[in-house]
Amino acid sequence: MFVTGRLAVALAVGLIPLVIAGLAGYPAYAVLGTWIGLCLLLVAADVALAASPRAVTVSRRLPRRVRIGEPVPVSVAVHNHGTKVLNAVIRDAWQPTAGAPTERQRLLLPPGERGRVTIPLLPRRRGELVSEFVMIRSRGSLGIAGRQARHSVRGSIRVLPAFSSRKHLPSRLARLRELDGNTSIQVRGQGTEFDSLREYVRGDDVRSIDWRATARAGTTMLRTWRPERDRHVVIIIDTGRTAAARVGDGTRVDASLEAALLLAALASRAGDHVHLLMYDRVVRGRVTGVDGAALLPALTDAMAPVHARLVDTDWHGAFAAVRTLTTRPSLIVALTAQDAAESARGFLGAFPNASRATTVLVGSVTDDGISALARRRDSREEVYLAAAAERSLRDAENVADAIRRAGGEAIAADPEELPPRIADRYLELKAAGRL
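So, here is what we can say about the structure in this document. (Residues numbered from 1 in each chain as written. Predicted model: local features only at pLDDT ≥ 70, side-chain atom pairs only at ≥ 80, totals over all residues. Heavy atoms only, no water.)

**As for the overall build of the protein**
The secondary structure content of the protein amounts to 12 helices and 20 strands. Since a compact globule built from 435 residues should have a radius of gyration of about 22 Å, the 33 Å found for the protein marks it as more spread out than a globular shape. Overall, the protein is about 120 × 65 × 40 Å in size when its C-alpha atoms are taken along their principal axes. In the protein, once contacts between residues fewer than 6 apart in sequence are set aside, the share between residues at least 24 apart is 74%. When the accessible surface of the protein is totalled, it reaches about 22400 Å², and 53% of it is carbon and sulfur. Of the charged side chains in the protein, 61 are positive and 44 negative, and the gap between their average positions amounts to 7 Å. (Helix = DSSP H or I, 4+ residues; strand = E, 2+ residues; numbered from the N terminus. Rg over C-alpha atoms; globule rule 2.2 N^0.38 Å. Contact = heavy atoms within 4.5 Å. Areas by Shrake-Rupley, 256 points an atom, 1.4 Å probe, with all protein chains shown as cover. Lys, Arg positive; Asp, Glu negative; His and termini not counted. Charge placed at Lys NZ, Arg CZ, Asp CG, Glu CD.)

Have a look at this one:
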């Protein structure tokens, strides 16, 4: 059972007869005991008149997957099997990060009928949102007390990454079509494959003439080439302690997920194979062997429950795990935070040997606030902060130089700019025939 605030009001009203009895000379304890007994009698009567909250059937209707930050309606259906009208207050026990409203849902349900209440959720965190039970309170006619029961009806929703960087995808796909779908090149080079035959026109490279096709067609035929497809793109997302730092409205790992999704969507449309590895000390998420329309759902499912761990990343193990994904020429994209020489030693020591067949690209999320601090000089405190910010920027540039000397490429940008910059670099590599 439960009691409401009306019981406190009823007990407070008892002060009036208590004062009157004191003025009239009656014993105060007798009046107080009588009034409390009357209130308890009203509570018992209200509980007895309330409909049974156990004589109901509770069911849920909810989606299996939603994106973070998108509103999602979740409904709870209640079927009253009792003989009394159910004046119910319903609480669906979602965790705080689900963004459920604080107010309880009310439902008036006659005997034998079914009702449904909608609970709007606004998820604020990736992963599994779980509600283990629904609590139903049945109020009596007086509203002083009632009965309550807990119904174990489990509901779960997987919250996927927002993929807000998908707004950059149409423009990059248009550039990809210009590069790969509609234009062919006449000169064969590394990273190109045969496209089609066409008639020779003055100014074409005579080295591309196909003499067998010329003999069959009776006219001079020329081979054309296009950037090679069916390449491999391996994306490594660092989930170690450096990825737990907050940058902007999220963490560094959140920005890495956005960059990985945009690159994967673009590479999949280009006909390349995409592999994903989320790693710190062990593999936290892995997607391989998935192509086409099933790629993005598989990636978001793997990313949803993964959060940064407060451990140092084992980069030797990470690059060893990359070699188990593919041995073919590929583009390796490491999304990490390498902005300090001390923390980057393990990463640089395990850095793979880049070659003409394998390109290593390192994407790092930066904080615009550091650059803003470096420009402020208005007070003594700001001068010290500017000096520390300048040191951080210099350390990050030193690490980027070390990556370039090791044969890789370094891209550093804020969370909004990093995904499109990595996608643009991918297109540049495609256009140059290096991928």
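**Concerning unusual backbone geometry**
Phi angles above zero are rare outside glycine, and F163 is one such case at about 55°. Looking at the element boundaries, F163 is found in the loop between β10 (155-160) and α4 (169-181). Judged by its relative accessible area of 6%, F163 falls in the buried class. (Buried < 20%, exposed > 50% of the residue type's maximum accessible area, 1.4 Å probe, protein only.)

**Re the environment of E70**
Along the polypeptide, E70 turns up in the loop between β3 (65-67) and β4 (72-80). Between the C-alpha atom of E70 and that of V159, which follows or precedes it by 89 residues, the distance is 9.6 Å. Setting aside chain neighbours within four positions, we find E70 in contact with L121, L122, P123 and R166.

**Focus on the sheet that holds β4**
Within the open sheet, the three strands sit side by side as β2-β4-β7. Their pairing is antiparallel. Since the sheet does not close on itself, it has two edges, and those belong to β2 (56-61) and β7 (114-121), each with one partner. Averaged over neighbouring strand pairs, the angle between their axes works out to 20° when direction is ignored. Inspection of the sheet shows β2 paired to β4 by six bridges, in the antiparallel sense. Counterpart to V58 in the pairing with β4 is V78. (Pairing = 2+ DSSP bridges. Axes fitted to C-alpha atoms, helices over the stretch in contact; angles between N-to-C directions.)

**Description of a nonpolar patch on the surface**
The grouping of V9, V13, I16 and I20 at the surface amounts to a nonpolar patch, some 370 Å² of accessible area in total. Of all elements in the fold, only α1 (5-13) and α2 (15-24) reach the threshold of two or more residues within the nonpolar patch. Residue classification places V9 among the exposed positions, given a relative accessible area of 54%. (Patch = residues over 30% accessible without salt bridge, like charges linked within 9 Å, V, L, I, M, F, W, Y side chains within 5 Å. Salt bridge = Lys/Arg side-chain N within 4 Å of Asp/Glu carboxyl O.)

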